[in-house]
Amino acid sequence: MVLQEKICVRSVRFALSLFAGSAMFAGHAYADEQIQKVEITGSAIKRINVEGALPVQRLTQEQIAKTGATSVADLIQALPSMQGFTIAATAAGTNSGGRVSASIHNIGESYTLVLLNGRRIAPQGSGSAINLNAIPMSAVERVEILTDGASALYGSDAIAGVINFILKKNLQGGSIEATLSQPGKSHAGDSGNFSATYGFGDLEENRYNVMLSVRHDEQRQLKATDRDFANTSFRPFSWNGNNYMWDRSSTSSIPGNVTATYKDGKTPTSTSSIAFNPYLKTNGNCGPMQLPSYNNTATAQNCGFDSTATIEIVPESRRDSVFGKATWRATDSIEVFAEAAYSRLDLTARIAPNATSIAVAKGSNLYNGYVRPYLTADQDANLTAASISYRTYDWGTRNSQTITESKNFVIGAEGEIGAWNFGTGLTWSQNAIDERYVGGYIKNADFRSMLANNQFNPFLPAGQQSDATKALIANSVFNGSIREASTTLKGIDARASRELFQLPAGAVQVALGGDYRNYHYEQSANATSSDIYGFSTPAAYDMERNNYGVFGELQVPVIKSLEVSAAARYDTIEAVKNHLANRDMGHKESASTYKVSARWQPTQSFLVRGSYGTGFKAPSMLDIGQPLVAAGFTSASYDCPPNLAAENQAYCRAGKSQYYVVSGGNENLKPEKSKQYTVGFRFEPSTTWYVQADLWDVKIRDAVSSVSEAQIFKDPVLYRQLFTTFVNPGSGQTEWAKQTLSINIGHTHNQGIDWETGYRQKFGFGTWTNTLNGTYLMKSDYTEAGTADKWTNSMNYFGIDDNVAFRNVVRLTSTLETGAFSNSLIVNYRNGYTDASATAYNLATNKNETLRIHVPSYMTFDWQGKWQATKAISLRAGVKNLADRNPPLSLRSSSGHQVGYDPRYADPMGRTFYMTGNYSF
């Protein structure tokens, strides 16, 4: 084994122990320089001298290419250390707009800091979670993931860790690349991308470099009906020897269901409700795309609409991105640079036709013809309200187009002045969205006019309106923007490091730095309830907040084999300035945090490392300042809680139904604080094999979250304060609604082991390289919302937080290189778990039962072959999910409108073929 490390005299390698597997303080500029200064020969396995006091995972360009990932999200979310992130497919049923995120160790996306070239970029929304769509994929040189958090350099709010996307620098020449991808089942879900990158000028010879990278991506829609496991709301399944029907249909149907509320005579104010479908009562069936609901009761005889059959499970999207950087060597030791990144994601999500409510006046034609015939004389005489739950199928699916623009500009300088190595920069970054309705939503005035003039009949099956009504329908579809929102970040940072003095074991290093950031979040409504029928006007926001902090670190080589560092940071987060209310909200918060770490290498082949630190994170601006606003419906259907029915039965929905949700902030939120540690080792007994493991532990107190709907409806007495009333914007009737309020949920405790082993063997015909790595979770505990000592967890179990924490997530990468050819096999595995609680209809007993099924483990195999045809031309061809493994059955009812599987944990595409061609010049 031959190891050779070339370090220049003024290197600050030992001062950057926090990041890039080296010393912490040279910052983002030094991360690039460090890779150049370390030269390893005799082995292709990354040598132990590159390993620092903290665990860092590195992905090179070639490693990225071998995964077959076509986006930053595909790349990051497939890593075993990632759990608990947001995926693009949840746009089917939410207003996420296709936002995708990263979450290290299932701790959460808001605790995972994402950087671009070592600097922060604007989040989407008022918090800290970054939309990975803002990262220009074609310009990425490598990715470094620090799986230990509370960074003194980048911010104490990075409690879960840091992901740094390092972009190409000092590039000469160019490349053109194109990829086409197609699922084997059909052309549905096809995707493709094209990119071009070019750079000119050499910093060493010409003293300047300019680089430009552009890319275009397209993703075609995948409909639920394109996949058998996801094509219907009426999902048959077997469990424990019994046959069941899981009914996720909607009681907003076509023809419509009726709810009639009347005084029942028990008390002067007591009321009761019944629900029925006039078409079913008349014809004995529910009509196309519907069945009698399996959730029906004696007083609720609804038809269930198969809404799942109308949705997309993967939305269509188009994305364009541009990255440019110009660098000028002002002196032999100082470089000045300017960089700009821009991306535009245009995503259209199509979900089921709108579910709306229509009030029916007593004595009207609709009432006399379709409601009164099915009421008793007493019910008719004592009627207080009647409404229709209707599905606007004739207007088409609800189509929401969200255009997300991410812009990032940085100007800065880096280099050396005297004994100091420094870096500084000014940042302006913005993430802006424009959400538009482009189909399926109805103009309010037109629809109310049709109802008032008896030009529309909600009790007819789909497609059976008159020709005159069809013409009115075609002209009453709303098209236009409903809201615009943006988050703007303005910041400045500076850091510097140097040697202080020499000890027998080496130089003592010091680093100092600071940063200032201003976040400005705005939202304006472009449509109101007067424009769109049944629409809740988006809230307007204009909030901003200042953050600033300073840090320092000292790195001491105690003996030749032992390095110790200590870092401290002081942060201040000011109160939220609410410009619309013209007042401050929340409180100014300040905190000191620290981290100590050590690296001990007693032999050339064995390393032990560890750290202990604290973290601090302020609540987001909306967590503090958001008023109560409409936030859609509950994901599952529920019976009206008995205590609410006792208070006012008239506010209940008949039978099992989805209830309105309103959400709001909390000015009294406290900041979150963490304590965490890591301890690990790396062992390289030979040049062909290594093994490493790191135990990590993160405890958070005063974590900000909210009580889940499953908790609230399970114990509506305990959580009575989280129910309120809401005026249905369609029917105008008052109904019970669930509140989602930000609270300091209590405590969380996450613990696990990241492990990896690698083996490489040379043969006469080529080289075989294997890497097996994974994350083993030991704890995913949290206290139930509203309690400080009632602990629960989501370990291999669909928890009350609507998530699963997987104990084992594992990946194997095996590559055989034979000259110009290479073949790679990637195996991805995650264990099974206990699914969400669900109510299913037993087909033998004709009764509903509450159960939790077991979701089996999920393993997929990917293959990729590469041919380096010439020095300039390479071709890759691959197959994802070789065995064409379908997602396992899940009865979860959250995280999007998909039914029958959980899109967060399994890919619906199935076996997918792709080909990539690259030409370099």
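Residues numbered from 1 in each chain as written. Predicted model: local features only at pLDDT ≥ 70, side-chain atom pairs only at ≥ 80, totals over all residues. Heavy atoms only, no water.

What to know about the overall build of the chain
For the chain, the helix and strand inventory stands at eleven helices and 49 strands. In summary, the chain has a C-alpha radius of gyration of 30 Å against a globular reference of 29 Å for 921 residues, a match within 12%. Dimensions along the principal axes, computed over C-alpha positions, put the chain at roughly 100 × 60 × 50 Å. In the chain, which comprises 921 residues, the proportion classed as buried is 58%. Put simply, of all contacts in the chain between residues at least 6 apart along the chain, 71% involve residues at least 24 apart. Total accessible area computed for the chain in this model is approximately 35,300 Å², and 54% of it derives from carbon and sulfur atoms. (Helix = DSSP H or I, 4+ residues; strand = E, 2+ residues; numbered from the N terminus. Rg over C-alpha atoms; globule rule 2.2 N^0.38 Å. Buried < 20%, exposed > 50% of the residue type's maximum accessible area, 1.4 Å probe, protein only. Contact = heavy atoms within 4.5 Å. Areas by Shrake-Rupley, 256 points an atom, 1.4 Å probe, with all protein chains shown as cover.)

So, the pattern of salt bridges
Applying the stated criterion across every chain, the model contains 39 salt bridges. A salt bridge links D493 to R119, with the shortest nitrogen-to-oxygen separation between them at 2.7 Å. In this pair, D493 is assigned in strand β24 (residues 480-503) and R119 in strand β3 (residues 119-120), connecting sequence segments 374 residues apart. With its nearest N and O atoms 3.0 Å apart, the salt bridge here joins D515 to R517. In this structure, D515 and R517 share a single accessibility class: buried. If you follow the salt bridges from partner to partner, you end up with K169, E204, R329, E335 and E414 in one network. (Salt bridge = Lys/Arg side-chain N within 4 Å of Asp/Glu carboxyl O.)

A word on the sheet that holds strand β15 (residues 300-301)
Strand order in the open sheet formed by five strands is β15-β13-β12-β21-β20, with mixed pairing between adjacent strands. Either end of the sheet is taken by a strand with one partner, and the two such strands are β15 and β20 (355-359). Direction of pairing for β20 relative to strand β21 (residues 383-391): antiparallel, over a ladder of five bridges. Looking at the pairing, T356 lines up with Y390 of β21. (Pairing = 2+ DSSP bridges.)

With respect to the packing of aromatic side chains
Under the counting rule described, the total for this entry stands at 35 aromatic pairs. On the numbers, 6.3 Å between centres and 70 degrees between planes, the contact of F200 with Y208 is edge-to-face. Overall, F200 belongs to the partly exposed group, its relative accessible area being 37%. Here the aromatic rings of Y638 and F713 are separated by 4.0 Å at their centres, their planes lie at 5 degrees, and the arrangement is stacked. Here Y638, found in the loop between β32 (629-633) and α10 (642-647), pairs with F713, found in helix α11 (residues 709-714); they are 75 residues apart in sequence, far enough to count as distant. Here Y638 matches F713 in class, with each residue buried. Across the ring face of Y111, the terminal group of K617 is positioned such that the distance to the ring centre comes to 5.5 Å. Geometry around F806 places R830 over its ring, the cationic atom sitting 4.6 Å from the centre. (Phe/Tyr/Trp six-rings, centres within 6.5 Å; stacked < 30°, edge-to-face > 60°. Lys NZ or Arg CZ within 6 Å of the ring centre and 35° of its normal.)

Observations regarding a positive patch on the surface
A cluster of basic side chains, namely K673, K675, K699 and R701, defines a positive patch on the protein surface. Looking at the positive patch, the elements that each hand over two or more residues are β34 (672-686) and β35 (689-705). Looking at the secondary structure, you find K675 in strand β34. A relative accessible area of 45% places K675 in the partly exposed class. (Patch = residues over 30% accessible without salt bridge, like charges linked within 9 Å, V, L, I, M, F, W, Y side chains within 5 Å. Lys, Arg positive; Asp, Glu negative; His and termini not counted. Charge placed at Lys NZ, Arg CZ, Asp CG, Glu CD.)

So, the state of the cysteines
In this structure the tally under the stated criterion is two disulfides. Here C286 connects covalently by a disulfide to C303, the sulfurs 2.0 Å from one another. Classification of the bridge connecting C286 and C303 rests on its S-S torsion, roughly -80 degrees, and on that basis the disulfide is left-handed. A residue pair is termed long-range when its members are at least 10 positions apart, and C286 in the loop between α4 (278-283) and β14 (290-292) and C303 in strand β16 (residues 303-305) qualify at 17 residues. (Disulfide = S-S within 2.5 Å.)

Looking at the pairing of strand β22 (residues 398-417)
Burial analysis of β22 places 15 of its 20 residues in the buried class, the great majority of the element. As paired elements, β22 and strand β23 (residues 420-439) share 19 bridges and run antiparallel to each other. When the sheet's bridge partners are listed, F409 is paired in β23 with W428. What sits between β22 and β23 in their antiparallel hairpin is a turn of two residues, with G418 showing a positive phi close to 60 degrees.

Focus on the sheet that holds strand β4 (residues 140-146)
Spatial strand order, β1-β4-β5-β2-β3: five strands in an open sheet with mixed pairing. Across the chains shown, the open sheet's two edge strands, defined by having one partner strand only, are β1 (56-60) and β3. Pairing analysis gives six bridges linking β4 to strand β5 (residues 161-167), with the strands arranged antiparallel. Following the sheet pairing, R142 is matched in β5 by I166.

Remarks on unusual backbone geometry
Cis peptide bonds are those with omega within 30 degrees of zero, and the linkage from I254 to P255 qualifies with 0 degrees. Within the secondary structure, P255 sits in the loop between β11 (242-247) and β12 (257-263). Phi at H105 takes a positive value of approximately 60 degrees, unusual for a residue other than glycine. For H105, the location among the structural elements is in the loop between α3 (72-77) and β2 (112-116). Its identity as a non-glycine residue notwithstanding, D884 has a phi of 55 degrees, on the positive side. Along the chain, D884 falls in the loop between β48 (873-880) and β49 (912-920). Exposure remark for D884: the relative accessible area of 24% places this residue in the partly exposed category.

Focus on the pairing of β34
The side chains of a regular strand alternate between the sheet's two faces. Note: strand β31 (residues 606-617) against β34, twelve bridges, orientation antiparallel. Across the sheet, F616 pairs through a bridge with K673, a residue of β34. As paired strands, β34 and β35 are joined by twelve bridges and run antiparallel to one another. If you follow F681 over to β35, its bridge partner there is A693.

A look at the nonpolar core
Counting residues in each nonpolar core, the largest one holds 59 residues, and the members touching the most others are I76, M82, L132, V143, I163 and F165. For this core, the elements supplying multiple residues, two or more each, are α3, β2, β4, β5, β35 and α11. Setting aside anything within four residues of it in sequence, one finds I163 in contact with I76, M82, A102, I104, T112, L113, V114, L115, V143, E144 and I145. Core analysis: the second largest hydrophobic core is formed by 26 residues, I254, L366, F456 and Y533 among them. (Core = buried A, V, L, I, M, F, W, Y, C linked by side-chain atoms within 4.5 Å.)

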